[in-house]
Amino acid sequence: MSERTATIASRVGLHARPAAIFAEAVGALPVEVTIALEGDPADDAMDASSILSLMSLGAANGQVVVLRAEGDGADEALESLVKILETDLDAE
Amino acid sequence: MQSFTGVGVSPGRIVGSVRQMPKAVSEPPAGEKLASSTTAEDAAVTLRTAAKVVQTELKERSVGATGAGKSVLEATALMAADPMLIKGAVKLITNNGTSAERAIWESAASVAEMLHNLGGYMAERSTDVLDVRSRIVAELRGVPAPGIPASDTPFILVADDLAPADTATLNPAIVLALVTSGGGPQSHTAIIARALGLPAVVAAVGVDAITDGTEIYVDGAAGSVTVDPDADQVAAAAAWATTAATLAVFDGNGVTADGHLVPLLANVGGAKDAVKAAAANAQGVGLLRTEFCFLERDTEPSHEEQITAYRGVFDAFPGKKVVVRTLDAGADKPLPFLTDASEPNPALGVRGYRTDFTSPGVLKRQLAAIAAAAEGTEADVWVMAPMISTADEAGDFAAMCAEAGLTNPGVMVEVPSAALTAETILGKVNFASLGTNDLTQYAMAADRQLGPLAALNTPWQPAVLRLIQLTVAGSLAEGNQKPVGVCGEAAADPALAVVLVGLGVNTLSMTARALSAVGAVLNTVTLAEAQRLATIALAAPNALEARAQVRAELPVLDELGL
């Protein structure tokens, strides 16, 4: 199991456009990725490729989230996703 | 040659081919199970395929869209095949043997509820989930997706009636005209058509049977729809195209032939509208519908949000009058934080100014925000309350305005009691503005949204004209020459606008699109002629006669195709 934390950089938090961009990126990866707020139990983690899950997670700007994935390529996958979360996607 | 007669609500003559708006998707029956020939695995695959098809379709549409519409479509496309939504449905199929249609229906309902409970922005997205659901069910059933058909070739849209939400997806470059079997002159279809400048006929019974691709002729002034138009009608449509171009500009000076000034103002719903109205040379804003800034909101907008929304409108009209109407929630414009949805009779319920009885504080905070927004702008800010019924209410509202530092309070006259007691009401406030849509609905006891009552529901009704006359007389009797304006859809009808001026109305406020047509016609009559036409309309035995007799005296209407 690989695990990475990331701080949400988008000013509006992880919804709307940023959530759409992130969910789409997760969907394109070969591994399944979960997302949870830092401190929440791993069992409560949600499917990171679901925009609806991301929206219900409601991660705000500056909050820390935990990404988890398993299997081949998990580390590289998480690394690329952390980069997305730590960019202000709303600024584009 | 087959033809249909309805009510013309937005002028224009046009020939084009028909596209019927698909019917709304009906709810699959509760407890609907998989057909015995279908396995759960097959149903799940079918559902995933349908979801993918809908997703692809929405994604393709997002490519052609711009701005806010684009990001909404992109997000909605992702929702269509969202794992949370689909897994929830597949679980119902596998565990309970629920049909794919019913499973996605229930899964989306619980997701929408979850979003709704999160409040704020999330709650607003719950309608997107329900939209996606309808599309997936339509795909599963093999029927066309709900909503306005996507098309690259222009067409005439035929529907039962349009909802406010349809405005967002209505592309006026593709939709040539609107024809509905339901709705009345004050329905949303009529309002949308006038705002977009599209010819429209409503309440045309039978048009839902016209097949897609049929060529029809629509006359939005006469209210007629003809299948397989003849050469004369094709020529009339071509002539209209030329007229429409010359009618496109208003010079910003509402005046009769003999120099009697009648400022022509615009009805706007926010800053975007206001900028367009200013570009169309509106002489001010006669009605800022503040609730339009906040429709589909679950919570009361903050002080700052309100200031931004109002300031945007004020800034578009420096040195000009802007009449702000306080929140008019209720009936056909419910706001969750103000409206009690369980009222048996919303049109006669707690709406408009009356919401201050049940939700005190909201109005006071809105007035404070209007006053703050007005500070430092060059607009001349007036404020009025909707749905005032008594002089006491008018007095209370004036006191609240004074407390907020707003010096020019007024009232909407849309309840007949206000027209009948205009003299005492105007003793308490500085001006009155006639909301003819509701005034007609209440005077005639005819619901604005009901097609079968369309004939009753027109401001040409002599009874409505009489109430307008009484309001003007009330102002005269009060003695301080307090202005009486009209801000209902009546002001956008060039013939009726002449009658209103003849009745003594001081200003006319309308959708910006109508300014040029109203201005052009007003320019051809003297005040004395307008007064004569008003007398004719008042004396007519019914609305149809009133309209016909006045129009017969205004040959300019036919010349301009209005």
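Residues numbered from 1 in each chain as written. Chains lettered and ligands numbered in written order. Predicted model: local features only at pLDDT ≥ 70, side-chain atom pairs only at ≥ 80, totals over all residues. Heavy atoms only, no water.

Going by this rule: UniProt positions are given in the numbering used here, feature names are shortened, and annotations may be inferred rather than shown by experiment.
Naming follows an unreviewed UniProt entry, where chain B appears as Phosphoenolpyruvate-protein phosphotransferase of Cryobacterium arcticum. Taken verbatim from the UniProt record of chain B, the Sequence similarities (unreviewed entry) comment is "Belongs to the PEP-utilizing enzyme family."

Per an unreviewed UniProt entry, chain A goes by Phosphocarrier protein HPr and derives from Cryobacterium arcticum. Per its UniProt entry, chain A bears the Subcellular location (unreviewed entry) comment "Cytoplasm".

**So, the overall build of chain B**
Going by this rule: What counts as a helix is a DSSP run of H or I of at least four residues, what counts as a strand is a run of E of at least two, and both are numbered from the N terminus. Relative accessibility under 20% of the residue-type maximum defines a buried residue, over 50% an exposed one, and the middle range a partly exposed one, all with a 1.4 Å probe and only protein chains included. Throughout, a residue-residue contact means that at least one pair of heavy atoms, one from each residue, lies within 4.5 Å. Think of it this way: Lys and Arg go in the positive column, Asp and Glu in the negative one, and His and the chain ends go nowhere. Where a charge sits is defined by one atom per residue type, namely NZ (Lys), CZ (Arg), CG (Asp) or CD (Glu).
Counting its regular elements, chain B contains 21 helices and 16 strands. The C-alpha extent of chain B, read off along each of the three principal axes, is 80 × 60 × 40 Å. Residue burial in chain B is summarised as follows: out of 562 residues, 56% are buried. Considering only contacts in chain B between residues 6 or more positions apart, those separated by 24 or more positions represent 68%. Positive and negative side-chain charges in chain B, numbering 38 and 60 respectively, have mean positions lying 4 Å apart.

**Considering the sheet that holds strand β13 (residues 409–413) of chain B**
Residues and elements named next belong to chain B. Rule in force here: In this scheme, strands are said to pair when DSSP sees at least two bridges between them. Where helices are involved, their axes are fitted lines through C-alpha atoms of the stretch in contact, as for all axes, and angles between N-to-C directions lie from 0 to 180°.
Strand order in the closed barrel made by the 8 strands is β9-β10-β11-β12-β13-β14-β15-β16, with parallel pairing throughout. On average, adjacent strands in this sheet sit at an angle of 30° to one another, irrespective of strand direction. In the packing of helix α12 (residues 391–404) onto the sheet, contacts are made with β12 (380–385) and β13, and the angle to β13 comes to roughly 145°.

**Examining the environment of B:I93**
Residues and elements named next belong to chain B. Mapped onto the elements, I93 comes out in helix α3 (residues 83–96). Here the alpha-carbon distance between I93 and K33, two residues 60 residues apart in the chain, equals 8.4 Å. The contact partners of I93, leaving out residues within four places of it in the chain, are L34, A40, A43, A44, L47, T98, S99, A100 and A103.

**Considerations on the packing of aromatic side chains**
Residue and element names in this part refer to chain B. Defined as follows: Within 6.5 Å between ring centres, the rings of Phe, Tyr and Trp (the latter by its six-membered ring) count as paired, and their orientation is classed by plane angle as stacked under 30 degrees, edge-to-face over 60, tilted in between.
Under the defined criterion, the tally for this structure stands at 3 aromatic pairs over all chains. A ring pair is formed by Y353 and F397, whose centres lie 6.2 Å apart and whose planes are at 85°; its orientation type is edge-to-face. In this pair, Y353 is assigned in the loop between β11 (321–325) and α10 (355–358) and F397 in helix α12, connecting sequence segments 44 residues apart. The same class applies to Y353 and to F397, which are both buried. Aromatic pair W382 and F431: ring centres 4.8 Å apart, planes at 55°, arrangement tilted. Of this pair, W382 sits in strand β12 while F431 is found in strand β14 (residues 431–434), placing the two residues 49 residues apart along the sequence. According to the relative accessible area criterion, F431 is buried, its value standing at 3%.

**Remarks on the pairing of β12(B)**
All names here are of chain B. Under the convention used in this document: If you view a crossover with the strands going away from you and the path from the first strand over the helix to the second runs clockwise, you call it right-handed.
Here β12 lies mainly inside the structure; 5 of its 6 residues are buried. Here β11 runs beside β12; their pairing, made up of 5 bridges, is parallel. Paired with V324 across the two strands is V383, which belongs to β12. The pairing of β12 with β13 spans 3 bridges and is parallel. Bridge assignment links V383 to a residue of β13, and that residue is P409. Read from β12 through α12 to β13, the crossover connection turns out right-handed.

**Considering the sheet that holds strand β5 (residues 175–180) of chain B**
Residue and element names in this part refer to chain B. Pairing is mixed in the open sheet, where 8 strands are placed in the order β1-β8-β7-β3-β4-β5-β6-β2. Single-partner strands in this sheet number two, and they are β1 (3–5) and β2 (7–10). The average angle at which neighbouring strand axes cross in this sheet is 30°, direction not considered. With 2 bridges joining them, β5 and strand β6 (residues 200–202) adopt parallel strand pairing. For L178, the partnering residue across the bridge sits in β6 and is A200. Running at roughly 40° to β2, helix α6 (residues 188–196) makes contact with β2, β5 and β6 of the sheet.

**Quick word on helix α15 (residues 436–444) of chain B**
Residue and element names in this part refer to chain B. With 8 of 9 residues buried, α15 is to be regarded as a mostly interior element. Close packing links the buried residues of α15 with β13, α13 (416–420), β14, α16 (462–478) and β15 (484–486). Of the residues flanking the end of α15, it is A445, one or two places downstream, whose phi is positive at about 50°.

**Re the interface of chain A and chain B**
Cut-off, in case you're wondering: Buried area counts how much accessible surface, traced with a 1.4 Å probe, disappears from two parts once they are put together, with both parts' losses summed. Only one rule defines a salt bridge in this text: a Lys or Arg side-chain nitrogen within 4 Å of an Asp or Glu carboxyl oxygen.
With 14 residues of chain A at the interface, the matching set in chain B holds 19 residues. Together, the buried faces of chain A and chain B total about 1,300 Å²; carbon and sulfur atoms form 74% of this surface. Looking at the side of chain A facing chain B, the largest losses of area belong to A:I51, A:L52 and A:M55, adding up to 43% of the total buried there. The interface formed by chain A and chain B holds 2 salt bridges in total. A:D47 is the partner of B:K87 in a salt bridge, and the nearest nitrogen-oxygen pair spans 3.4 Å.

**Here's the deal with the domain arrangement of chain B**
Note the cut-off: Domain delimitation follows an automatic or database domain assignment.
Along its sequence, chain B is carved into domain 1 (3–21 + 148–246), domain 2 (40–141) and domain 3 (264–560). For domain 2 of chain B versus domain 3 of chain B, the distance between C-alpha centres works out to 41 Å.

**Looking at the pairing of strand β16 (residues 507–510) of chain B**
Residues and elements named next belong to chain B. Residues of β16 alternate between two faces, with T507 and S509 on one and L508 and M510 on the opposite face, all of them buried. As defined by bridge partners, strand β9 (residues 264–268) adjoins β16 across 3 bridges and the pair is classed as parallel. From the neighbouring strand, L264 faces β16, where its bridge partner is L508. Taken together, β15, helix α17 (residues 494–502) and β16 constitute a β-α-β crossover, and its handedness is right-handed.

**Focus: the side chain of B:S181**
All names here are of chain B. With respect to the helices, strands and loops of the structure, S181 is situated in the loop between β5 and α6. Here S181 falls in the buried class, since its relative accessible area comes to 15%. Apart from the residues within four sequence positions on either side, S181 is in contact with A159, D160, A203, A204, V205, V207 and D208.

**Examining the packing of helix α9 (residues 303–316) of chain B against helix α11 (residues 362–374) of chain B**
Residue and element names in this part refer to chain B. Spelled out, the test is: Relative orientations are named as follows: roughly parallel for angles under 35 degrees, roughly antiparallel for angles over 145 degrees, roughly perpendicular for angles from 65 to 115 degrees, and oblique for any other angle. Two helices that cross are described as forming a left-handed crossing if the nearer one is turned anticlockwise from the farther one by less than a right angle, and a right-handed crossing if clockwise.
At a closest axis distance of 8 Å, the pairing of α9 and α11 adopts a crossing angle of 50°. When the interaxial angle is binned, α9 and α11 end up oblique. The hand of the α9/α11 crossing is right-handed. Residue-level inspection shows H303, Q306, I307, Y310, R311 and F314 of α9 in contact with α11, the latter providing Q366, A368, A369, I370, A372, A373 and A374.

**Observations regarding unusual backbone geometry**
Residue and element names in this part refer to chain B. Positive phi, normally seen in glycine, also occurs at N281, with a value near 65°. Of note, N281 is situated in the loop between α8 (271–279) and β10 (284–289). Residue N281 is classed as partly exposed on the basis of its relative accessible area of 32%. Phi at Q481 takes a positive value of approximately 50°, unusual for a residue other than glycine.

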